[in-house]
Amino acid sequence: MSRLKLFLPLMVFVVLAIFLLNGLERDPNAMPSALIDRPVPVFSLPVLGDETRSVTEALFQGEPALLNVWATWCVACRIEHPFLNKLADQGIRIIGLNYKDDNAAARKWLMDKGDPYALSVIDARGRMGLNLGVFGAPETYIVDRTGTIRYKHIGVVDERVWRDKLLPIWQEIQ
């Protein structure tokens, strides 16, 4: 029994080392979404620029789209925005989710920087973001023509992310 006590610290160290090594092999940016292969959550939200009009999840029926979570307070969104304009110019349908933002500031942003969105819905209280599992802006979801979420990307969408991650999935759902 006394020999077992001598090896106890070594066994604890080995177990801890296994857990730590396992953690090093994981992608720290990978945050899987529980909504992959599930429909866009039910919502009814006003449209930015026409706040008297509201849209629902039916917006995603019939045509694939990128759902892009953005806000004027989001520094990374400023970096991503020019590339989204490029994608929109190429015919990619992008729906914006203006997340916990000031409507006037959001309208001004789109006027000044260009509007890549087919339309942008207002999520002032963050309820839709909560239902989507949003960690923060920017986040981009690929939604197929049936309204099913096929992929979630956290962070800036740029040329490399589009080419390596999003475009293959986009082409698959066309």
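Engineer: Help me get a handle on the packing of aromatic side chains, residues and values and all.
Structural biologist: For the coordinates displayed, the defined rule picks out 4 aromatic pairs. Ring centres of Trp70 and Trp109 lie 5.8 Å apart, and the angle between their planes is 35 degrees; this geometry places the pair in the tilted category. Remark: Trp109 occurs in helix H3 (residues 103-113) and Trp70 occurs in strand S3 (residues 65-70); sequence separation between them is 39 residues. Residue class for Trp109 comes out buried when judged on its relative accessible area of 5%. Each member of the aromatic cluster is reached from another via a ring pair, and the members are Trp70, Trp109 and Tyr117. The residue whose ring lies beneath Lys113 is Trp109, and the NZ or CZ to ring-centre distance is 5.4 Å.

Engineer: Mind laying out helix H5 (residues 159-173), listing which residues take part and the relevant values?
Structural biologist: Since the α-helix packs 3.6 residues into each turn, any two residues three or four apart lie on the same face. With 15 residues, H5 extends 20 Å from end C-alpha to end C-alpha; this agrees with the ideal 21 Å at 1.5 Å per step. Along its length, H5 shows its largest kink, about 50 degrees, at Leu166, and proline Pro168 lies within four residues downstream of that point. By the burial criterion, the buried members of H5 are Val161, Trp162, Leu166, Ile169, Trp170 and Ile173. Near the N-terminus of H5, the side chain that reaches the backbone nitrogen of Arg160, with its oxygen 3.2 Å away, is that of Asp158.

The rules we used
Residues numbered from 1 in each chain as written. Predicted model: local features only at pLDDT ≥ 70, side-chain atom pairs only at ≥ 80, totals over all residues. Heavy atoms only, no water. Phe/Tyr/Trp six-rings, centres within 6.5 Å; stacked < 30°, edge-to-face > 60°. Helix = DSSP H or I, 4+ residues; strand = E, 2+ residues; numbered from the N terminus. Buried < 20%, exposed > 50% of the residue type's maximum accessible area, 1.4 Å probe, protein only. Lys NZ or Arg CZ within 6 Å of the ring centre and 35° of its normal. Expected span 1.5 Å × (residues − 1). Bend = angle between axes of the 7 residues up to and from the residue. Polar contact = N/O pair within 3.5 Å; in protein donor to acceptor, adjacent residues only side chain to side chain.

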